[in-house]
Amino acid sequence: MHQEYLPPEELQDSIKCFWYNRSEHELELSSFEVLPDGYAEIIFYFGELYDAELKPLPSPFMVGLLNQPIRYVTKNRLEVIAIRCFPWTVFDLLGLRSSTSKLAVFEHPLSTLQQPLQKCIQEGKIEDAMALLKAYFLSIHAQISPDTMLYKAGIAMRKAKGIMPVAQIAEAAHATVRTLERKFKHSSGFTVKDVTSIMRFEQVRNQLWLYPESNIAGLAHDLGYTDQAHLIREFKRYSGTTPSAFAKNIKKEKLAMSDDFVAFVQS
């Protein structure tokens, strides 16, 4: 079960969405992989969740912008409530120093929400849990001044879905490339090119998920890659596999899916 909730208008410069997910697993440990998607995630979970080395994860924790897959391990029922943030805003939103760490454990007043959110989960009141999150982030958002330059750059990047040269993004943000890159690296820990590359990879991944028969050369042309080899190289960099192998696996999974399976793909 997966549900996404739009943030209030005041938060839409920093937060893409809030989401809730519930999954059932066998008693034995089950692993699953998360691919890069161009966002940072603040994760609250209820159940058992471990990293790839079977070390228990704290709740909440933050997954920064990924540039390669990350693996988790769980069992039984796992419920997650999360905040999907734009990577160039999440650290300012929380008042933390930027980092390129895949998984960040941090001390923050946000952790005081763990118990109230758990109570909502236990009572099946997901809407109440979302209301708690929205109220909390509205209160801290009111105390910061979003960087107008980064906000404008973010709008341009999202609208182009990563298919825009850095110089054009800087122009949209009314900044020089040098100034934009410096501010972007300071705010997110990554360059503009890093983020646009991951956003573009996401478009390929989503297209192959929906249409595994897609022509790779055609995708490369449509999404602004130099050529098919460039797309394959970038896809393998972020996913650990080739586009053709990914599409082949998706075909197998879809054949094995039951009729009531619903997949949610971030647009």
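Residues numbered from 1 in each chain as written. Predicted model: local features only at pLDDT ≥ 70, side-chain atom pairs only at ≥ 80, totals over all residues. Heavy atoms only, no water.

J.: For this particular structure, what's the right way to read the pairing of strand β6 (residues 70-85)?
T.: Working note: regular strand, side chains alternate between the two faces of the sheet. Burial analysis of β6 places twelve of its 16 residues in the buried class, the great majority of the element. Across nine bridges, strand β2 (residues 15-24) lies against β6 in antiparallel orientation. Bridge pairing in β6 places Ser23 opposite Leu78. Where strand β3 (residues 30-34) meets β6, five bridges bridge the pair, whose relative direction is antiparallel. The residue of β6 that forms the bridge with Phe32 is Tyr72. Pairing between strand β4 (residues 40-51) and β6: eleven bridges, direction antiparallel. Paired with Glu41 across the bridge in β6 is Arg84. (Buried < 20%, exposed > 50% of the residue type's maximum accessible area, 1.4 Å probe, protein only. Helix = DSSP H or I, 4+ residues; strand = E, 2+ residues; numbered from the N terminus. Pairing = 2+ DSSP bridges.)

J.: I tried to follow the state of the cysteines on my own but got confused; where do I start?
T.: Disulfide: a covalent bond formed between the sulfur atoms of two cysteine residues. A full pass over the atoms with the stated rule returns zero disulfides. Between Cys17, a cysteine without a disulfide, and Cys85, which holds the nearest cysteine sulfur, the sulfur-to-sulfur distance is 9.2 Å. Assessed through its relative accessible area of 2%, Cys17 is described here as buried. Here Cys120 is not disulfide-linked; the sulfur of Cys17 is the nearest cysteine sulfur, at 18 Å. For Cys120, a relative accessible area of 9% translates into the label buried. (Disulfide = S-S within 2.5 Å.)

J.: When you look at the side chain of His108 in this model, what are you seeing that I'm missing?
T.: Tracing the backbone shows His108 in the loop between β7 (103-104) and α2 (114-122). In this structure the side chain of His108 is engaged in a polar contact, spanning 2.8 Å, whose partner is the backbone oxygen of Leu94. (Polar contact = N/O pair within 3.5 Å; in protein donor to acceptor, adjacent residues only side chain to side chain.)

J.: Explain helix α7 (residues 192-210) to me, please; I cannot follow it from the model alone.
T.: The terminal C-alpha atoms of α7 lie 27 Å apart, and with 19 residues this matches the ideal 27 Å at 1.5 Å per residue to within 8%. Counting buried residues in α7 gives 15 out of 19 residues, a clear majority hidden from the surface. (Expected span 1.5 Å × (residues − 1).)

J.: Mind showing me how you'd approach the packing of aromatic side chains here?
T.: The description of two aromatic rings rests on the distance between their centres and on the angle between their planes. Within the structure shown, the criterion is met by eleven aromatic pairs. Aromatic pair Tyr45 and Phe61: ring centres 6.4 Å apart, planes at 65°, arrangement edge-to-face. Taken together, the positions of Tyr45 in strand β4 and Phe61 in strand β5 (residues 61-63) put the pair 16 residues apart, joining distant regions of the chain. For the residue pair Tyr45 and Phe61, the accessibility class agrees, reading buried in each case. (Phe/Tyr/Trp six-rings, centres within 6.5 Å; stacked < 30°, edge-to-face > 60°.)

J.: Got a minute to help me understand the packing of α7 against helix α9 (residues 228-239) in this structure?
T.: The description of two helices packed together rests on the angle between their axes and the distance between the axes. At a closest axis distance of 10 Å, the pairing of α7 and α9 adopts a crossing angle of 95°. Viewed along their axes, α7 and α9 adopt a mutual orientation that is roughly perpendicular. Taken together, the residues of α9 that come into contact with α7 (itself represented by Asp194, Ser197, Ile198, Arg200, Phe201, Val204, Arg205 and Leu208) are His230, Leu231, Glu234, Phe235, Tyr238 and Ser239. Classifying every residue of the contact of α7 with α9 gives seven nonpolar, three polar and four charged. (Axes fitted to C-alpha atoms, helices over the stretch in contact; angles between N-to-C directions. Parallel < 35°, antiparallel > 145°, perpendicular 65-115°, else oblique. Contact = heavy atoms within 4.5 Å. Nonpolar A, V, L, I, M, F, W, Y, C, P; charged D, E, K, R; others polar.)

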